Amino acid sequence: MAGEKRIIDVNVVAEDRPLWSGRASSVVVPTLEGYMGILADHEPILALVGEGNVQITTEDESRKAFKVVGGFVSFENNSLTIGVDKCLGNDDENEQ
Amino acid sequence: MASQLAFKSRIASTESLEKIFNAQEMIASSRIAKARDVALAAKPYSDAIFHAVKSMASHTVLDHPITGKHEDNDRVAVLALTSDRGMAGAYTSSIIRETEALLNRLDEQGKKPELFVYGRRGVSYYKYRGRDVAATWEGNTDAPGVEIAEKISDTLYNAYMKPAKEGGVNEFYIVFTEFINMVTQKVRIIRMLPVEVELVDDSYEGVADKTKKSSAPVTTFGHDSYPLYSFEPNAEEVLDHILPKYVQSRIHECLLTAAASETASRQNAMHTATDNARSLVEELTRKLNATRQASITQELTEIVGSADALNNEEE
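Residues numbered from 1 in each chain as written. Chains lettered and ligands numbered in written order. Predicted model: local features only at pLDDT ≥ 70, side-chain atom pairs only at ≥ 80, totals over all residues. Heavy atoms only, no water.

This next bit is on the overall build of chain B. In terms of regular secondary structure, chain B is built from six helices and eight strands. Counting from the amino terminus, chain B carries its helices and strands in the arrangement α-β-α-β-α-β-α-β-β-β-α-β-β-α. Out of the 315 residues in chain B, the part that is buried amounts to 43%. The contacts in chain B between residues at least 6 apart in sequence include a share of 74% that link residues at least 24 apart. Total accessible area computed for chain B in this model is approximately 16,600 Å², and 52% of it derives from carbon and sulfur atoms. (Helix = DSSP H or I, 4+ residues; strand = E, 2+ residues; numbered from the N terminus. Buried < 20%, exposed > 50% of the residue type's maximum accessible area, 1.4 Å probe, protein only. Contact = heavy atoms within 4.5 Å. Areas by Shrake-Rupley, 256 points an atom, 1.4 Å probe, with all protein chains shown as cover.)

Laid out in structure tokens, this is it:
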């Protein structure tokens, strides 16, 4: 990825509140069939989320993680939405 | 005219009621902001799931019972959202009135409505009258969480998905109060299931604008502007998981707007009650003063009268 970094808009929401939204360079989502890494220009996809950690590498290379159970993830036009059934807490690394 | 003592005790009790109403009003107004925040916080999720359903509708044939059942069944589920506590003016009674009207209408159409009730007030209303209620839920009507939305939607979704001969229902209506603003709340009936899918050949932006503006029960889906999608694990499983969640999220939305309406109508009712109590105290105080004056006047006339009589005797 030489030159300009490609960015995806990420929006993580739980049923009763928004969890995080912002710009990220990569996101790893625990789908039912294993972890799926998403970079910019991924093909449009709608997948079910299983149990595990959503890991987000943000624009400025800091990391965020949410422990989630169930939900769905949809990606198109470099915008990623994760609707989470249950969020069991987040552990941020490098939080400012 | 009543005695002064009677007036005094009525004034005292009205004053203490006024204090209660006033406190209730203040509690309600402090909760409205919170109810609104909760409703706003749940909005991104319902937007996200709406969007997901929309993309599914444009990429697969939505051949799922949720968009319409093709069987001969006249059973219909009706869910009424009432409140747990009273002191909310006509909130519960207007819900019950509309529900009754809807039940009668369905009866006239030859359908067999089944009633589901949320909220202690509504439950006790139907229990007292010995009516058949399919299922009830109580608690937290003024701050409904995801859990209660999940319970309600599971029950109703299962009732909907059951085949007709096992007692399934063909349609599902919800009667709730829409929050328009602080002074206006309107009872609305919407058909929750089957979901109406309207495929519109419109650009995606236009559809988004339209859906944002109206919270109309008709779900509008754009058709041609989405790129090709892939589904994981496969389209059917995604559908089976997302659609119940979509229904749950819409029920939750109704619960939240009903909760905001309940709080607002409680605040209004308590405001009016406080005003009434104040004017009642004023009126009673005036009457008390009038009786006091009347009794003083009477005493004076008696004194003057008896003095006159004494003077006459002396002459």
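Tracing the backbone through its elements, the reader meets Thr 57 of chain A in strand 4 (residues 45-58). What Thr 57 of chain A contacts, discounting residues up to four positions off in sequence, is Ala 24, Ser 25, Ser 26, Ser 62 and Arg 63 of chain A.

Another point: the packing of aromatic side chains. All names here are of chain B. Counted according to the given criterion, the structure contains three aromatic pairs over all chains. Seen from their ring centres, Phe 116 and Trp 137 are 6.3 Å apart, and the 20° between their planes marks the pair as stacked. With a gap of 21 residues between them, Phe 116 in strand 2 (residues 112-118) and Trp 137 in strand 3 (residues 135-137) connect regions that are remote in the sequence. Against the face of Tyr 125 rests Arg 129, its NZ or CZ located 3.8 Å from the ring centre. (Phe/Tyr/Trp six-rings, centres within 6.5 Å; stacked < 30°, edge-to-face > 60°. Lys NZ or Arg CZ within 6 Å of the ring centre and 35° of its normal.)

Right, let's talk about a negative patch on the surface for a bit. Residues Glu 33 of chain A together with Glu 236, Glu 237 and Asp 240 of chain B make up a contiguous surface patch of negative charge. Within the element layout of this structure, Asp 240 of chain B appears in helix 6 (residues 235-314). (Patch = residues over 30% accessible without salt bridge, like charges linked within 9 Å, V, L, I, M, F, W, Y side chains within 5 Å. Salt bridge = Lys/Arg side-chain N within 4 Å of Asp/Glu carboxyl O. Lys, Arg positive; Asp, Glu negative; His and termini not counted. Charge placed at Lys NZ, Arg CZ, Asp CG, Glu CD.)

Next up on the list: the pattern of salt bridges. All names here are of chain B. Scanning all chains against the criterion turns up 19 salt bridges over all chains. Two residues, Glu 178 and Arg 188, come together in a salt bridge whose shortest N-O distance is 3.4 Å. Note that Glu 178 is positioned in strand 4 (residues 171-179) and Arg 188 in strand 5 (residues 185-193), a separation of 10 residues in sequence.

Bringing the pairing of strand 3 (residues 34-39) of chain A into the picture now. Residues and elements named next belong to chain A. Across six bridges, strand 2 (residues 18-31) lies against strand 3 in antiparallel orientation. Opposite Ser 26, over in strand 3, you have Leu 39 as the bridge partner. From the end of strand 2 to the start of strand 3, which pair antiparallel, there are two residues. (Pairing = 2+ DSSP bridges.)

What follows is about the confidence of the model for chain B. Low pLDDT means the predicted atomic positions in that stretch should not be read closely. All names here are of chain B. For chain B, per-residue confidence averages 84 on the pLDDT scale, and residues scoring 70 or more make up 87% of the total. Every residue in residues 200-218 scores below 50 in pLDDT, and together they form 28 contacts with partners more than four places removed in sequence or on other chains. Reported confidence for the predicted complex is 0.84 by ipTM and 0.81 by pTM. (pLDDT = per-residue confidence, 0-100.)

The interface of chain A with chain B comprises 24 residues on the first partner and 25 residues on the second. Taken together, both faces of the contact between chain A and chain B bury some 2,100 Å²; the carbon and sulfur share is 63%. Applying the counting criterion to the chain A and chain B interface returns two salt bridges. Here Lys 245 of chain B makes a salt bridge to Asp 85 of chain A, at a shortest N to O gap of 3.6 Å. At the surface where chain A touches chain B, the tally comes to eight residue pairs in polar contact (both at pLDDT 80 or more). When residues of the side of chain A that touches chain B are traced back to their parent elements, those giving at least two are strand 1 (8-14), strand 2, strand 4, strand 5 (63-76) and strand 6 (79-90) of chain A. In terms of residue class, the side of chain A that touches chain B is made up of 13 nonpolar, four polar and seven charged. Taken together, the three bridges between strand 4 of chain A and strand 8 (residues 230-232) of chain B define a ladder with parallel strand orientation. Note that in strand 8 of chain B the partner of Ala 47 of chain A across the bridge is Glu 232 of chain B. (Buried area = accessible area lost by both parts, 1.4 Å probe. Polar contact = N/O pair within 3.5 Å; in protein donor to acceptor, adjacent residues only side chain to side chain. Nonpolar A, V, L, I, M, F, W, Y, C, P; charged D, E, K, R; others polar.)

Residue and element names in this part refer to chain B. Tracing the backbone shows Glu 262 in helix 6. For Glu 262, the side chain forms a polar contact with the side chain of Thr 141, separated by 3.0 Å. Setting aside residues no more than four positions away along its own chain, Glu 262 makes contact with Ser 83, Asp 84, Ala 88, Tyr 91, Thr 141 and Asp 142.

Before going further, it helps to examine the domain arrangement of chain B. Residues and elements named next belong to chain B. According to the domain assignment, chain B consists of domain 1 (1-15 + 272-309) and domain 2 (21-196 + 232-269). Each of domain 1 and domain 2 has a C-alpha centre, and the two are 52 Å apart. The interface is formed by five residues belonging to domain 1 together with five residues belonging to domain 2. Buried area between domain 1 and domain 2, summed over both chains or domains, comes out near 370 Å², and the portion from carbon and sulfur atoms is 46%. Summed over the three residues of domain 1 that lose the most area to domain 2, namely Thr 272, Ala 273 and Thr 274, the buried surface amounts to 84% of that side. Put simply, domain 1 and domain 2 have zero salt bridges between them. Seen at the junction of domain 1 and domain 2, the total is three residue pairs in polar contact (both at pLDDT 80 or more). For the side of domain 1 that touches domain 2, the class distribution of residues is two nonpolar, two polar and one charged. (Domains from an automatic or database assignment.)

Here, UniProt's "domain: ATP synthase F1 complex delta/epsilon subunit N-terminal" (unreviewed entry) annotation points to residues 9-86 of chain A. Helix and strand shares over residues 9-86 of chain A are 0% and 79% respectively, and the end C-alpha atoms of the span are 21 Å apart. (UniProt positions renumbered as here; feature names shortened; annotations may be inferred.)

This paragraph deals with the packing of helix 4 (residues 146-161) of chain B against helix 6 of chain B. All names here are of chain B. With their axes 9 Å apart at the nearest point, helix 4 and helix 6 run at an angle of 125° to one another. Considering the angle they form, helix 4 stands oblique to helix 6. Regarding helix 4 and helix 6, the two cross each other, and that crossing is right-handed. Across from Val 146, Ile 148, Ala 149, Glu 150, Ile 152, Ser 153 and Tyr 157 in helix 4, the residues of helix 6 making contact are Pro 244, Val 247, Gln 248, Ile 251, His 252 and Leu 255. Residue classes in the contact of helix 4 with helix 6 are distributed as nine nonpolar, three polar and one charged. (Axes fitted to C-alpha atoms, helices over the stretch in contact; angles between N-to-C directions. Parallel < 35°, antiparallel > 145°, perpendicular 65-115°, else oblique. Left-handed = near helix turned anticlockwise from the far one by under 90°.)

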